[in-house]
Amino acid sequence: MTGRKIIAMLCCAIVVAICTLSTSMAASSSAVKLRYTTAQLHSEYDVVDPQASFYVLFHLQIAPGWHTYWLNPGDSGAPPHLIWELPEGWKASEIIWQPPHRIPVGGLMNYGYDQNAYHLIKITPEPKANGKARLKAHASWLVCEEECIPERADLSIDVGLGAAIPSSAYALIHTLEKSSNLEKISGTYTFENNETIGLEFAASSMPATNAAYFYSSVPGSSEPAAKQEIIRNDEIVHMTFKKGVVTLPETFSGILEIAAENGLEYKEAHLAQHASFASTDKLQSAFAPSLLITLFFAFLGGVILNAMPCVFPVLSLKALSLSQKVNKEAKTIRRYGYSYTLGVIVSFMLIACLLFMLKAMGNVVGWGYQMQSPYFVAILVYLLFLIGLNLSGYFEIAFSMNFKGSADSHKESLKSSFATGALVTLVATPCTAPFMATALGVAFVQSPVIGMAIFIAMGFGVAFPYLALTTIPGALKWLPKPGVWMVHFKQFLAFPMFISAVWLIWVFAQQLGINATALLLLGLILLTMSIWLWKVIVPRTLFAQIILFILLTALALLPIVNLPIPVDMTTEQMGGKKGATLMYNEATLQQYRDEGRAIFVYATAAWCITCKLNERVAIHDQAVQQHIARSGITVMVADWTNEDPAITQFLEKYERAGVPLYVFFPANGAKPRILPQLLSPSILIEALS
């Protein structure tokens, strides 16, 4: 064989090897090695048939002694999360979970995986796709031992399109597909008492054993570390487990782990609330004292909300407009009250619908959720600043609360009363009044029907003072008589509006920083200039007014159209110190509790007036700080100014839907204490003793 032939054969062999290697590697991403895990994607096929779905495996190799989490992480933790970037028309399923196992940590019980965690995702291609396709996944997960570390990786794989060719991972993925496709059994559940939930299955659907464990798919619905009991006869298998803090829906699912003769078996259990129990439970709950008390708290919280700084200026304007109508017919005045009340309640219902929809879509939400959006805060700043300019007399407009210069120059209509109610609701959303936290906590964990009833009760509470003035005979006589003083009072009310705007600008600065705040201030200057241009140009025709209004509005909003994106830094990632106070971290909190430390956690937000008042008056009080130092209490702050799922979960754990929340964890693992929403130094020192 000549040297030329040998070289040619070697070249061919190298080309074939490179092609084979590239084909085999196309179906697996490069492994991303992190501190405690190694992450990688694998495709079921090197070349996929675009007419058929296929599986992708998200694989985590986990360091010895560490673990990751299942769909329901148990007492603590968080499941992995994947965000996909796929070619147009392609779809990815949710994670298809392997059965978990129990991982005891101190006195707690977690659900998850160690050594290896396998997560299947079914990918559906666009049927007309051809050539190649790149699948990208932004993955994040929590890996824990005694401490918890959030890790993340950007992964991608390339697959060909055509006649299907299995990959090197085909056998493993096929095995995992079988182990995740569990036999499905049906059963019922009941609330046996305030602490225990009972499950019932047909005896024929389970092996003859009295050793089984139920993993609920609803986080927080059970106490994972508590013992589960099982009793069976020839017809029924009855299991009980301890109830958690989250109320179960009418139907839910979970995984049954059964200790059979040949080892562990797993079944997918689908449970429905027992029919007879469900009907009587609904009938009783409709008149349950606890629900009536919750509705009363919601109403009372709504009434008190009128005195909060974010609402009181608007309510003052309503009183100003009412004082001009003492001489009107009582029937007409009552209509104003009804219209205003309807505006408030409808607005609260719309907010409730939006929050429940977002929650159903998997978002973590709560009261004040919209204040975590810098755009919403900016629009609210514009609105309050605009109202302030109007009240001060810079421009005149027939608005919903009679903002015109003379005290009797504008007659309030039913539409304007309705709009005023909507405006009151809008400016009330950043605030939380006493009694509201308990009611809102129930609203976000109960069914949407009960949740909506709570929001309606709260809206009725907000509207009640004005409704009482307009419907109680002779109530309007309590108001001062109209006069020139009203013009000056109207102008005075501009200043609370400007102060409220300044407060929201400070909130905005906390969210996006000084550069974005400068753009917002520029927008306020352009808003003022736009009003000035309107007054100078004075358009005569309706068409000219519409065009000029659009142009001037665009000019005023231009600086905030493209705001910088806030840094996505959650408390799970921060976990460090902020001055002498730790930022909230669930893993650190649990570690300190295991060590027997006393911890005081307070959930706050820059846009929460009640929070800031409590911090200034009580938490930062010198006597309180000295008591904390002497007692060796660790302080954690859970800052909810920007969206943070970890803090939202902390709030929900203690049945709260918003801030403030104050929880004291005594030393040596004693039961946590929830403190009042309004604090004083004496209350706080007594609670922390």
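Residues numbered from 1 in each chain as written. Predicted model: local features only at pLDDT ≥ 70, side-chain atom pairs only at ≥ 80, totals over all residues. Heavy atoms only, no water.

## Things to note about the overall build of the protein
Next up, step 1: If you tally the helices and strands in the protein, you get 20 helices and 27 strands.
Next up, step 2: With 689 residues in all, the protein has 48% of them scored as buried.
Next up, step 3: Across the protein, contacts joining residues at least 24 apart in sequence account for 73% of those joining residues at least 6 apart.
Next up, step 4: Accessible surface for the protein amounts to roughly 33300 Å². Of this, 63% is attributable to carbon and sulfur atoms. (Helix = DSSP H or I, 4+ residues; strand = E, 2+ residues; numbered from the N terminus. Buried < 20%, exposed > 50% of the residue type's maximum accessible area, 1.4 Å probe, protein only. Contact = heavy atoms within 4.5 Å. Areas by Shrake-Rupley, 256 points an atom, 1.4 Å probe, with all protein chains shown as cover.)

## Focus: the pairing of strand β6 (residues 81-85)
Next up, step 1: Here β6 shows a buried face lined by L82 and W84 and an unburied face lined by H81, I83 and E85.
Next up, step 2: Relative to strand β12 (residues 132-144), β6 runs antiparallel, the two being bridged by five bridges. Residue pairing across strands places L82 opposite A139, the latter belonging to β12. (Pairing = 2+ DSSP bridges.)

## A few points about the pattern of salt bridges
Next up, step 1: Applying the stated rule across the entire model yields five salt bridges.
Next up, step 2: The shortest N-O distance in the salt bridge between K267 and E183 comes to 2.5 Å. Here E183 lies in strand β15 (residues 183-191) and K267 lies in strand β21 (residues 263-273), a separation of 84 residues in the sequence.
Next up, step 3: On the basis of relative accessibility, which here comes to 45%, the residue E183 falls in the partly exposed class. (Salt bridge = Lys/Arg side-chain N within 4 Å of Asp/Glu carboxyl O.)

## Thoughts on the pairing of strand β13 (residues 148-161)
Side chains on a regular strand alternate between the two faces of the sheet.
Next up, step 1: As paired elements, strand β3 (residues 45-48) and β13 share two bridges and run parallel to each other. Residue pairing across strands places V47 opposite G160, the latter belonging to β13.

## What about the confidence of the model for the protein?
Next up, step 1: The predicted model of the protein has a mean per-residue pLDDT of 80, with 80% of residues at 70 or higher.
Next up, step 2: Within the protein, no element has a lower average pLDDT than strand β22 (residues 577-578), which sits at 38, and none a higher one than strand β4 (residues 54-62), at 96.
Next up, step 3: In the predicted structure, residues 276-289 sits below a pLDDT of 50 and forms eight contacts with residues beyond four places in sequence or in another chain.
Next up, step 4: This model gives residues 398-411 a pLDDT under 50, and the stretch forms 39 contacts once residues within four places in sequence are excluded. (pLDDT = per-residue confidence, 0-100.)

## A closer look at a nonpolar patch on the surface
Next up, step 1: Taken together, W534, L542, I546, F549 and I550 make up a surface patch of nonpolar side chains, about 510 Å² in accessible area.
Next up, step 2: Among the elements that make up the nonpolar patch, the one with the highest residue count is helix α14 (residues 542-557) (four residues).
Next up, step 3: Along the chain, the position of L542 falls in helix α14. (Patch = residues over 30% accessible without salt bridge, like charges linked within 9 Å, V, L, I, M, F, W, Y side chains within 5 Å.)

## Description of the side chain of H238
Next up, step 1: On the secondary structure map, H238 appears in strand β19 (residues 236-242).
Next up, step 2: Here E200 takes part through its side chain, which lies 3.5 Å from a polar atom of the side chain of H238.
Next up, step 3: Here H238 is in contact with E192, G198, L199, E200, E229, I230 and I231, once residues within four sequence places are set aside. (Polar contact = N/O pair within 3.5 Å; in protein donor to acceptor, adjacent residues only side chain to side chain.)

## Concerning the sheet that holds β19
Next up, step 1: Across the sheet, seven strands lie side by side as β17-β20-β21-β15-β16-β19-β18; this open sheet has mixed pairing. Two strands close off the open sheet at either side, each with one partner strand: β17 (212-216) and β18 (229-232). The sheet shows a mean angle of 30° between the axes of neighbouring strands, direction not considered.
Next up, step 2: In the sheet, β18 pairs with β19 via four bridges, with the strands oriented antiparallel. In the strand pairing of β19, E229 is matched with T240. (Axes fitted to C-alpha atoms, helices over the stretch in contact; angles between N-to-C directions.)

## Overview of the nonpolar core
Next up, step 1: Formed by 55 residues in total, the largest nonpolar core has its most connected members in W607, F650 and V659.
Next up, step 2: Among the elements that line this core, the one with the most residues is helix α7 (residues 374-391), at ten residues.
Next up, step 3: Of all hydrophobic cores here, the second largest spans 39 residues; its members include M109, I123, A139 and I255. (Core = buried A, V, L, I, M, F, W, Y, C linked by side-chain atoms within 4.5 Å.)

## Describing the packing of aromatic side chains
Next up, step 1: According to the stated counting rule, one finds 24 aromatic pairs in the structure shown.
Next up, step 2: Ring centres 5.7 Å apart and planes at 85° place the aromatic pair Y189 and F191 in the edge-to-face group. Taken individually, Y189 and F191 each receive the classification buried, so the pair is uniform in this respect.
Next up, step 3: Taking the centre distance of 6.5 Å and the plane angle of 45° together, the rings of F296 and F297 count as tilted.
Next up, step 4: Note on F297: relative accessible area 25%, which makes it partly exposed.
Next up, step 5: An aromatic cluster is built from Y189, F191, F214, F241 and F252, whose rings are joined through pairwise contacts.
Next up, step 6: Over the aromatic face of Y213 sits the side chain of R102, whose NZ or CZ is 4.1 Å from the ring centroid. (Phe/Tyr/Trp six-rings, centres within 6.5 Å; stacked < 30°, edge-to-face > 60°. Lys NZ or Arg CZ within 6 Å of the ring centre and 35° of its normal.)

## Brief notes about the environment of I236
Next up, step 1: Within the fold, I236 resides in strand β19.
Next up, step 2: Put simply, I236 and F201 are 35 residues apart on the chain and 5.8 Å apart in space, counted from C-alpha to C-alpha.
Next up, step 3: Sequence-distant contacts of I236, defined by excluding residues within four places in its chain, comprise E200, F201, A203 and I231.

## Let's talk about the environment of I628
Next up, step 1: Topologically, I628 is positioned in helix α18 (residues 622-631).
Next up, step 2: Residue I628 is classed as buried on the basis of its relative accessible area, which comes to 6%.
Next up, step 3: Remark: the alpha-carbon pair of I628 and I599, spanning 29 residues in sequence, is separated by 9.8 Å.
Next up, step 4: Among all residues touching I628, those that are not within four sequence positions of it are I633, V635 and L688.

## A few points about helix α16 (residues 586-594)
Next up, step 1: The element α16 is extensively covered by neighbouring structure, given that seven of its nine residues are classed as buried.
Next up, step 2: Within α16, the full set of buried residues consists of E586, A587, T588, L589, Q590, Y592 and R593.
Next up, step 3: Here α16 starts with a cap whose side-chain oxygen sits 2.9 Å from the backbone nitrogen of A587, and that cap is N585.
Next up, step 4: G596, located one to two residues past α16, shows a positive phi value of around 85°.

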